[in-house]
Structures are given as C-alpha cells and as structure tokens.
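Listed below, chain by chain, are the residues.
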Amino acid sequence: MANLTLVQAINLALSQEMEKDDRVMLMGEDIGINGGVFRVTEGLHERFGSRRVVDTPLAESGIIGTAIGLAMGGLRPVPEIQFEGFLAPAYDQICTHAARMRSRTRAGLTAPLTIRVPVGGGIHAPELHSDSPEAIFTHNPGIKVVMPSSPYDAKGLLTSAIRDPDPVIFFEPKRIYRAFREEVPEDEYTLPIGKARVVREGCEMTMVSWGATVVQCMNAIEASGRDIELIDLRTINPFDMNTVAASVCKTGRAVVVHEAPMSCGIGAELSARIMEQCFLRLEAPVQRVTGFDTIMPYYKLELDYMPDAERIGKAISETAAY
Amino acid sequence: MANLTLVQAINLALSQEMEKDDRVMLMGEDIGINGGVFRVTEGLHERFGSRRVVDTPLAESGIIGTAIGLAMGGLRPVPEIQFEGFLAPAYDQICTHAARMRSRTRAGLTAPLTIRVPVGGGIHAPELHSDSPEAIFTHNPGIKVVMPSSPYDAKGLLTSAIRDPDPVIFFEPKRIYRAFREEVPEDEYTLPIGKARVVREGCEMTMVSWGATVVQCMNAIEASGRDIELIDLRTINPFDMNTVAASVCKTGRAVVVHEAPMSCGIGAELSARIMEQCFLRLEAPVQRVTGFDTIMPYYKLELDYMPDAERIGKAISETAAY
Amino acid sequence: MPVDCAFEIAIERVSILDEHGVFDESLAQGLIPDDDVVKLYRHMSMCRHFDEIAFKLQRSGRMGTYPENRGQEATSLGAAYALEDKDWMVTCYRENAGLFWRGVDPEKILLHWMGDERGNNISVRATPLAIPIGTQMLHAVGLGWASKYRGEDGIACTFFGDGATSEGDFHEAMNFAANLDLPVVFVCQNNSWAISTPTAINCSAPTLAQRGLAYGMHCVQVDGNDLFAMVKVIRDAATRARTESRPTFIEAITYRLGDHTTADDARRYRDQDVVDEWSARDPMIRLRKWLEQRDLWDEGREQALRTENEIYVKGVVERAGGIEPPTTDDMFAWMYSEIPPVLDLQRRTLRTSSLGQGIDGSGS
Amino acid sequence: MPVDCAFEIAIERVSILDEHGVFDESLAQGLIPDDDVVKLYRHMSMCRHFDEIAFKLQRSGRMGTYPENRGQEATSLGAAYALEDKDWMVTCYRENAGLFWRGVDPEKILLHWMGDERGNNISVRATPLAIPIGTQMLHAVGLGWASKYRGEDGIACTFFGDGATSEGDFHEAMNFAANLDLPVVFVCQNNSWAISTPTAINCSAPTLAQRGLAYGMHCVQVDGNDLFAMVKVIRDAATRARTESRPTFIEAITYRLGDHTTADDARRYRDQDVVDEWSARDPMIRLRKWLEQRDLWDEGREQALRTENEIYVKGVVERAGGIEPPTTDDMFAWMYSEIPPVLDLQRRTLRTSSLGQGIDGSGS
Ligand SMILES: Cc1ncc(C[n+]2csc(CCOP(=O)(O)OP(=O)(O)O)c2C)c(N)n1
Ligand SMILES: Cc1ncc(C[n+]2csc(CCOP(=O)(O)OP(=O)(O)O)c2C)c(N)n1
Ligand SMILES: [Mg+2]
Ligand SMILES: [Mg+2]
C-alpha cells in the first residue's frame, strides 16, 4: 500500500500495464520528456523509451486516428488528449471510427484504445480547459466512458480500461489530481467497468454523482446530517442502472449531481430512467444539480457555475421536503 | 400559395432571403452547378452566380470555420453540410467557436450563420448518412437547433434562422424531403424560433416529437383512436418547455418520440423536465420511443431501428393503461 | 545575401505504358512477368464486369447506392500486385480491383452496398470501405506504425481521392507519417472529380503530388491508368517504407468514367467530350493492345474470359443476394465485447422504455 | 520521356537586419521612416515591460496562466505596422506587440488571462486570443473572404505557431484561401517549440515555409526577429492579397525565450545553451544598436523610456485589477441574442432544477 494522489495512482497503473504487456504504449502531446502537462506520465519516457512513450505532433484527430490504427493493428494504445476541450477536434475519429469499428466489421476489426483526458473545472485554467463532455460520448453509442473519483478507483479502473477490448474514454477529474491522497495497493488490481460504487449507504434519499463532484456531494451530505445514500457512477457508459434503480426504489427520492450543462446531460438520462423504473416509489421528482445551460465561463465565474456543497445542500432539503 | 415539397420550400426560402439581403450567401460541397446532392439549392447558382453560391473544397471544418469568419465579418453565410454524419469533422468549429463567439467576446463579435444539414434515416443510404445528432448540439450550449416537419414550417423556420443573430443548425429531415407536398405561401414569412406547434389537440395524453417522426406519430395516434395532443417541438434548442409542460399538466401522460439513440437524447431531457414540472399531475412515467443505444445500423436494419407507428402505438397503449 | 534560397525541389512524373502504346522497356525491366500481366488483365476484366453488374443491381432496386469503379482499375490493382500479404491496404470505395486481387470476396463488397455490415467482415489485411471521406489514412498510419512497433516489416498502403486531400485528417496523417518515420504509402487517385467538384476547387496547385512537399515527403506523380507505372512507383515506395520506414506520397492521375455514384448524374456538371477523351485512355485498352502485340492475348481468349466473368459474377451476386437477412439482434450484438445490461434490455424487448418492466427486465 | 518533371520550385529566405548588425540598405529602401523605427522600438520596449509585469502578476497569484511573449515581439509588430486599420489581425496568444500597436488596450489582454471574457471585447479589427490551437486561421480566411465579397480591399493576417501547423484546420484554411483566391496572409511563428515539443516533431521538412507549396501558395521564409524583414514580407504579401486576392504563407523564424506559459518549466526539456544563443538574436538588441548607430537613440532616452513604460504598465495593471468583478448574470446574458425562457429561469434562480417552481418560474 502506498499513499498516493490521483496523478500518482494513474502513473502507477500505466507503468504496471506497460511492464506487463508490450502492446501497451502511450502517445500524446508533451507526454514524453516533459511527462505531460499535469506530470501524469512523469518518468515513463525515461523508463520505457521513445518507442513506447511517444511525443506526437499537435493534432488531436491525428492522435486518435493513428491510435485507432495502432489498436486495429493489435496494440493497446493509450493516447492522452491534453484537455477535454481538445477532444473536439478528435470527435469525428472517436465517434465515427473508434466507436463504430467493432459493429461496422462485425468484430472483424476492433479498436481497443484508452483515451486519457483531464476533465472538468476548478483549476482557474483558460477557456476550453474546464468542460465536462461525458454526456456527448454517452449519447454516441459504442465507446465506454469512465471517470474515477479517487486514487484507488483510478488505478483499478484505468487498469481495466486498458485491458478492455472496447474503446474507452478515461476522464481524469483534474481538480482532484492532487487534492488528496489515498491508500492504493502497489500490486495491480482491476475494478469492473459498468459497476457503480455505493460510497455511503442511506435510506432517506439517493444521490448519484461521479468524478470530482463526488467530493462536493459528500460534503453536502455531511453538512445536511441526513441519511443519504451516495452512489459514485464510476462508469458513465454503460452506466449501472440496476444499482441506481435499486437504491431509489428503496429511498424514494433522488438527486443527481454533475458539472456538465443540464440539458441532455447524464442527469437527464438518469432522471428519466429513474422515473421509468421507480415511478410508483418516487416521492419527489428527481432533482438535478448541474452546470447551467451556458458555456463554462472564464475562470472568474467558474465556481459560480459548478455545483458546490451549498447548491447540493439546497437540493437535498428541497427534495426531502417535497 | 404553391403546393410544395420540403425541398422546394427550402429552396424558395433561400432564394427569397438571397434576393432580399445581399449578405446572405450559400456555401458547401456540390451546392453550386450540381444544385446539391438532394437538389435543395437547384437553380440558385444559375440565378445568383458563384459569388453568392460557392462550391467549396471537401472539408467540413473548413466550411464551418470560414463561415464563422464570414459571419464575424458581417455576412449571413448559410453553409450546407452534405449529411449529418459529416457534422462530426466540423464539431470543433461549431462547438468551440460558433457557439462560443458571442459569449466569449461579450457580443463584440458574433457568428450568425445557419448550417443546413439533411438529417435522419429511412432512405437506404450508406452509413453515417442516417443519424440524428440534435441532442449533441443541444447539450453544447450556444447554438440554436431547428428541425421542421413540413414544407410550411421549413420555409418559415429557415427564414427566421437566416435572420437570427445567433448561429443555428437547421436540420432537414431527408426522409420527408419529397414525401409529401403542402400549401406554402409564396410571400416570405417567418415562424418563431423557440416555439413549439400543437399539431393536434387532445386531453388523454401528450406526445412530443419533431422532424420526420411527427408523421409516424400522427399515424400512430390516428390508429390508436385516442384523444392525444401532439406537439411538434420545431425548435430543439432552446425548446419550448412551457408548451410541453402545460400540455402534460393537462393530460397527465406523455410520450416522447425521436430517432436518435435514447441515452442522453432530447427525450431524456424532456422526460426529466416533465417530471420536474408536472410531477404531481403525472399519472404514468413519461415514455420514450427512440432509436436504440446502438449505432444506426446499415440500411437492411434501419427500419427496425427507427421508431415506427407500431412501436409508438405500443407506447400509447402502455402509457394509457398505466 | 539577404534574399537567398531556403528550399528547392522537383517532382518526377512516371509513365511506362502510355495511352498511345508507347512502352518504356528499360523502366519495365523485370517489373511484371508476362504471365502475371495476363492474370492482371483478366482480373481487371472481371472487375469491370462486376462493376457493370453492381450498377445494374442498383438500377433494378436490388442494391443501394453504388460507386462505379470504371476506368480506375489500374491504380489499386497495380498497388495490390506490388504489395505483400503482410501489408495493409486501407482504401476508400473505388478500389475493388485491388481489394479483390488481395483476396477480398467480391460478395462482401456487394453486401456492403446492400446495407449489410457483414460485407465489412473480411479476413485479409484490408480495412472496410471508408464512407467518411479522408478519415481512413490515419488508420493506415497507425497500422504501419503497429507493424514497425513490433519490429515487423509490413507496411500500410492507403487510397483516397483528390477531394479527400482537402480534409484535415489527410494533413494530419501525412504529417504523422513523415515526422514519426512510419512505413506508409499514400496513394491519391486524382480522378478529376469529387462528386461535381472539379479538382481545382480541392487543389489549385499545379500538381496534387506537391501536397507531399509540405511534409518533406518523397512525392511522385504517376499515370494511374498505366498498370506498369503503378506497379513501379508502389514497389519503390514500398521498399522505401519497408527498409527506411519513410512514407511516400503518390498522385495517380486517372479519371472517373462513370457518375460519382448511382445517386449522381454527371451530365449536370461535365462535358461528354472530356469523358470521351478519357475513355480512350482506359487502362484496359492499352493493356490489351500490349498483350496482343506480344501474342499473349487474342479475341478468342477475350470471348472465353467474358463467359468466365459472367459465370463468376453471377455466382457472386447469387451468394450476396441469397444470404439470410440480418436479425434485429445484430444491431445489439456487436456494439461492445459484452452486451451491457441496459442495452440487453433493449435487445430483448426491442423497446427503449422500460415502462412496465421490472429493473430485472421482466415485464411487458 | 517516361520519367519527367512534374513540378519544380524554390523558396526564398529574407533578412534585412541580422543579428550581427548587417543591414541590407537596398531592401530597406523606403521601408520604414526613421521616426517610425524609433516608435516601433519604443513600442517593443513597452511590450517587453508589459510581459515582465504580466509574468509577475501570475507569480504573485493575481492572474492565471500567462504565456510570455519575450523574444518574439518583432514578428507581430512588423506585421501590424505593415497592415492597415481595415485589415483583420487574427492571432493566437503571443502577439501582444502587434495587437497593442493596432490599438488593442493592454488592459484587455490582462483581463483575458485573469479569466474575464471582457478582455475579449475589443473594438479594433482583431479577434480574441485563440486558446484552441490551430483553429483561428479559418476565421481569418472567412474574414478576408467577407471583405472580398463586399468588394472592399481589406485583408486578413493570421498568426499561429509551428505546432499549430500540425492541426487539420491549418490545412483546411490554407487550402480554402488558395483555391478560392482569398486575401489572407498566413504567418507561422516558428519559435522552435510547441510547449515541450521541438519543431521537428511537428514538421520534419527542411523548412516550415514549404507547407505552403502543397497549395501552390506563394511561400517565403523570413527572420522573424528582424523587424525590417517582417515589414517587407508582410507588405509584399498584403499587396498580393489586396491586389491579386492571393494568399501568402510566411514562416517567421523566431524563438520563445521564456517558458511556454507560467504553468511550464522549460528546463525540463531544453538546454540553456541554445536559449543563450537565441538571447543574442533578440530583436530588440539589434534594433537598438541600429538606432544608436544612426544617433536616433541613446542611453538617456532608454532610461526615460523605462520610466515611461513603468508608469504606463502600472496604469494598465491598475485598470485591469480594479474592474468590478463579473456577476453571475454575465454567465447567461451573452449566450444568445435574447435569453430563452428556460435559460432565464436558471439565471433568475441560479438553480438547474425547477423543482418546486411553477412552469411560469415562480416558486423557490
Ligand atoms: C467527410 C465527408 N464529407 C462528405 C462526404 C460526401 N461525399 C461522398 S464522396 C464525396 C466526394 C469524394 O471525392 P474524392 O475524394 O475525389 O473521391 P472520388 O469519389 O472521386 O473517388 C463526397 C463529398 C463524405 N462521404 N464524407
Ligand atoms: C487544440 C489544442 N490542443 C492542445 C492545446 C494545448 N496547447 C496549448 S499551447 C500548445 C503548443 C502550441 O505550440 P505552437 O503552435 O508552436 O505555439 P507557441 O506556444 O509556440 O507560440 C498546446 C499543445 C490547445 N490549446 N489546443
Ligand atoms: Mg475524385
Ligand atoms: Mg511554437
């Protein structure tokens, strides 16, 4: 066991998978000698050399498109996109090709790549460095979407993602890259993709979140003094509806929290499904605490945009009082 | 009044706006001499010349990126993207720039462009020619999304879109490009963006749809013999929640129908909002009849993917019986 | 000197057997054994017949949109002949001749255009026909890279049209291959048109070949209707890729004799005169003359071949048309390595709403 | 001849005042009046001071990430000097010198990096600093096109780094401008680095200038630290754009003397030796020498200028720091020309759920 930050846990997962499987290779902008702009790949270039840790040209579509080719060619590429905003130029290769290759060829060719991307707000970065596009890649079928909320989860989920035969986007909540440490086993382990984690049991209400906002949810729950069940989705696509539905059928009330804009976000999907599956048990409408339906503002206002313990707290009391 | 197809109504709107306003110009792949692959721009190159109807290089990001520049430079460009699948290479310019220019510059610069795109399945086309990405551009704030379901609406909405000071994606349901004709005024007129249309009043249930599926909904409603209120959303973003909520608060039951995959689709958002706003009036969970959470299959299976009168009919009976 | 020269270059154009029958013996030396030229001609002829039949299938409503390959056969066939089994061929959709030569079952290509994903499940090293223009070259770069990564000497050869070179992904693919030293051969089939768009709108430079100069890549222009020249430039490029791990950019000049696809009507935008001129440059005409001059071919063999082709393609069409239809299960079964529970519910019920269904999926 | 020449070209490199003080009188003839050289030097000096202060603001926690411009001032300033008010300048984020010359208030640039959109609301013909690399060139193409469309002779001049030339949008922009004959000047600031990535990974060709050959575009390489040479090549390019509506691609060779941004530590990936070499090529050093040789400048004026700069930049910082903070309303007010009802509800309640609210927005 070691006491690691999220950055360190990811670094450890990467190096262990590279150690174990020569097919695993890293590629991206500034990930080599520089160790990545967040230092997530620090030391890996030194250790594994430039065959396996590749500084690429500055071209996101090129990074993902060549990674798809590498994956179709039998490797397990782990491309990094420097910030989630720069998934946009790679959107076509991700949704048109990575997500479709298996179904298009009836599994004749597959694209088992793992796209690592820092995600979300809260670090006072310039525009397009603070967004949360997970719903976009969930509405587009064919690509798995994972987002850990802690160092332990990050290591286990990333290991699973790299070994997964399907393409995965692995979102790393940059706000908690170094926010806290956690005991993380030094040996390798996996955590199942598609399974949520019940962070905290409770019977008064269900709260669902993922990534950096899980921390805000915990704070809000503690401040509320209520007996709230908190579910960390961990995998956004395919999401673990059984765990969510079972919990809401038990508690009768639900709040979903995420940073992304509200409309057509994951919150909308969870809300709709909860209604479909727990309608007769619901004692209040599912409440969503999310980013607004606006552009994530420049950083002077970012904290006003992101759901915080106060806004979540309000939702808790309203839902409870309904 | 003339009896026009959807294609003809759009063509008429384009030529009237070009006639009226020299700032309006068309650009895209094969839209000039060839009149577009669906012949929507037929005759316009001949009439307005190659200054105002421009055949561009085969590059969707280039088309939208230069259109943004044209719009910032004071024109009203109306770029065509040949099929909705090819919005993907332009995703970055649309979401990163067109949608953000006004808020980024506090309206110092704006991008009033209207992106015309054929959308949806049902014409036995190759892959990527049959998708429905409207939710993607709704989850990304800053861009208006419009989809007509009839020639009359198409003309009025497109005229409004071109005159709108904000960027608009104007989705043209290709399945009904020539499926039927309708009386369309020859004089120019506008229809408000952001306002739904109650196609048919009813008090037993509310059905919400848009684009080509409105026709399927009508068929299903007629077959059901029930008193169902049908709302055509017409504008997807910003959508007219007041009309929807008022109707569901009246009927107590709702079915939403769309072709796009279910998860995080517009149906999810409508469902969630209906619950939020009409919870105590709801007598059944909001039902969604949508595409599956899979890639739109190659055309042998496309009709199995798309919601048809039968699937909609099932949803009607289930919701009524709940 | 305040104004001096920063860079200087010239690009070669290669032709071996031209439209007038002029043949460069020295360049052709050892290029293709006579027997193989016969085989290649026979293959081209089969492909041409396949193309005609595919066109008719569409016209008679038995197949969706189809892009005729007519007139461009030499380009991909020359390449396929020069490549090895371990190499990847990453094509667009007008390379039937090359794909069939490599062993792709023509039935698969029909299935593809019949709207059936099974047409893309092929066992040789070839990727599925690429519908989104200009995106597949990046996959070729990755495939070549994977081979190099493993220390193997397989390469990737990718095909795309003149129009495709306007897309950003084309640029990114060329740039990756050049800067990361990857074994890739880029073949641009300049057939004068991208649907109704003439090449000048997609590239107004004097040559398309010079696209490669931007990357310091070796570039060459070749007569794409000249099978011999195609074999030569691809072989040279393949060697460069295999031994030096350096990419090459090839502009193959050819012409789309048919409409863009069956959904197109080229008379709307081009003159028949030019089409006629190019018809005279058909790769098969010159090849047949060359063979006849050397007594390797005659009208009798041509007749026999025609009958053979008819029988063969008829069989292909029957197999493609006779395949049992896909089932709705197929929409779901291939999405992920294992079907997730929420999707499985949709598969089993063919419903998107779980209304009236328990969370275990039971119910209506 | 079966192998002949398809294309041949050479690219020029332009230098007027080099790092050793060598000055080409004939090329400089009539280029910049002496008075203006003094003004330009003074402006550069102000920008250099602004840069230092901005750096310090970040270090002291009063501003977010900031990209130093140090060492690259001549490139954008030379361009801005050669352009006219009616022209558009479409930059990345290392072109303060040029933007300030055109009249962008330095306060706006600070506001931008302080995380405030008001920093992008500028009244001259310049677009906001571009954060997404390689995307803004397309806007320049559209802006140039709009001017041509209206029959005006304004042009667009766009700036980007060496790294940006790897992005697909760069290619699409160049291709649109070349094929549609648009009045655009493309200026690549090749400063050797894209964060930690050396130019060779982004372009392994002998020159970056040759990127333009792919489009048949006029290309030129220039010493980007040479203000005179910059003015000359931009003026030539602007004339080509204005009178022939033809684009030009300029590779301006310069060097990033500082870290990529304040979030970067360049010592991790580059040798100080090379930085020192480039420090000697600083555009300000040679310009000051040139002025002093001609008695247009001396130590006294330098001292006075320093004081002036300090006072001026201090005022800028005070104005930027003193602006009242944005309100939450600002998140909503600028999204659309008119705020839609659903968004207005979010604005008024600062809530995303309408729980407990009537459909008219009343309620909690
Ligand atoms: C990204 C994308 N944009 C547009 C289209 C529509 N489209 C199909 S083929 C084609 C023209 C392709 O021209 P070219 O690359 O020259 O190939 P050719 O058809 O001539 O072989 C276009 C515009 C597409 N399939 N993909
Ligand atoms: C599309 C995109 N990808 C990645 C980044 C992160 N990033 C910011 S600056 C930069 C390097 C830019 O290099 P260059 O174009 O040479 O400009 P320079 O900083 O040297 O002026 C990178 C990778 C970004 N801002 N946008
Ligand atoms: Mg072509
Ligand atoms: Mg640089």
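Residues numbered from 1 in each chain as written. Chains lettered and ligands numbered in written order. Predicted model: local features only at pLDDT ≥ 70, side-chain atom pairs only at ≥ 80, totals over all residues. Heavy atoms only, no water.

1. Overview of the interface of chain C and chain D
On the chain D side, the residues contacting the 41 residues of chain C number 41 residues. Looking at the side of chain C facing chain D, the largest losses of area belong to Pro2, Phe7 and Arg13 of chain C, adding up to 18% of the total buried there. On inspection of chain C and its partner chain D, the count reaches two salt bridges. One can count 29 residue pairs in polar contact (both at pLDDT 80 or more) joining chain C with chain D. Only β1 (3-14), α7 (168-179) and α8 (199-202) of chain C provide two or more residues apiece to the side of chain C that touches chain D. Of the residues forming the side of chain C that touches chain D, the biggest block, 12 residues, is contributed by β1 of chain C. Of the residues contributing to the side of chain C that touches chain D, the split by class is 20 nonpolar, 13 polar and eight charged. Here β1 of chain C pairs with strand β1 (residues 3-14) of chain D via 11 bridges, running antiparallel. (Contact = heavy atoms within 4.5 Å. Buried area = accessible area lost by both parts, 1.4 Å probe. Salt bridge = Lys/Arg side-chain N within 4 Å of Asp/Glu carboxyl O. Polar contact = N/O pair within 3.5 Å; in protein donor to acceptor, adjacent residues only side chain to side chain. Helix = DSSP H or I, 4+ residues; strand = E, 2+ residues; numbered from the N terminus. Nonpolar A, V, L, I, M, F, W, Y, C, P; charged D, E, K, R; others polar. Pairing = 2+ DSSP bridges.)

2. A few points about the pairing of strand β10 (residues 205-209) of chain B
Residue and element names in this part refer to chain B. For β10, the buried fraction is high: five of the five residues fall into the buried class. Of the two faces of β10, both are covered, the one formed by Met205, Met207 and Ser209 as well as the one formed by Thr206 and Val208. Direction of pairing for β10 relative to strand β11 (residues 228-232): parallel, over a ladder of five bridges. Within β11, the position partnered with Ser209 by the bridge is Asp232. For the crossover from β10 across helix α8 (residues 213-224) to β11, the handedness is right-handed. In terms of strand pairing, β10 meets strand β13 (residues 254-261) through three bridges, oriented parallel. Opposite Met207, over in β13, you have Val255 as the bridge partner. (Buried < 20%, exposed > 50% of the residue type's maximum accessible area, 1.4 Å probe, protein only. Right-handed = clockwise from strand over helix to strand, strands pointing away.)

3. Observations regarding the coordination of the magnesium ion (ligand 3)
All names here are of chain C. Bound to the magnesium ion (ligand 3) are the protein donor atoms Asp162 (OD), Asn191 (OD1) and Trp193 (O), situated 2.1 Å from the metal. Along the chain, the residues that donate to the magnesium ion (ligand 3) are spaced as D-x28-N-x1-W. With respect to burial, Asn191 and Trp193 carry one shared label: buried. (Donors = N, O, S within 2.8 Å, 3.2 Å for Na, K, Ca; no water.)

4. Observations regarding the sheet that holds strand β2 (residues 88-90) of chain D
Whether parallel or antiparallel, the strands of a sheet pair through hydrogen bonds between backbone atoms. Strand order in the open sheet made by the 12 strands is β2(C)-β3(C)-β4(C)-β8(C)-β7(C)-β1(C)-β1(D)-β7(D)-β8(D)-β4(D)-β3(D)-β2(D), with mixed pairing throughout. Both edges of this open sheet fall to β2 (88-90) of chain C together with β2 of chain D, since each of them pairs with a single strand only. Within this sheet the neighbouring strands show an average axis-to-axis angle of 20°, counted without direction. When strand β3 (residues 156-161) of chain C meets strand β4 (residues 184-190) of chain C, the two strands line up parallel, connected through six bridges. (Axes fitted to C-alpha atoms, helices over the stretch in contact; angles between N-to-C directions.)

5. Thoughts on the domain arrangement of chain A
Residues and elements named next belong to chain A. Taken domain by domain, chain A consists of domain 1 (2-184) and domain 2 (197-321). Computed from C-alpha atoms alone, the centre-to-centre distance between domain 1 and domain 2 is 26 Å. Listed per partner, the contact involves 27 residues of domain 1 and 25 residues of domain 2. With both sides pooled, the region where domain 1 packs onto domain 2 buries about 2100 Å², and carbon together with sulfur makes up 56% of that total. It is His124, Met147 and Arg175 in domain 1 that bury the most area against domain 2; as a group they hold 24% of the surface buried on that side. One salt bridge in this structure joins Arg197 and Asp153, with 3.3 Å as the shortest N-O distance. (Domains from an automatic or database assignment.)

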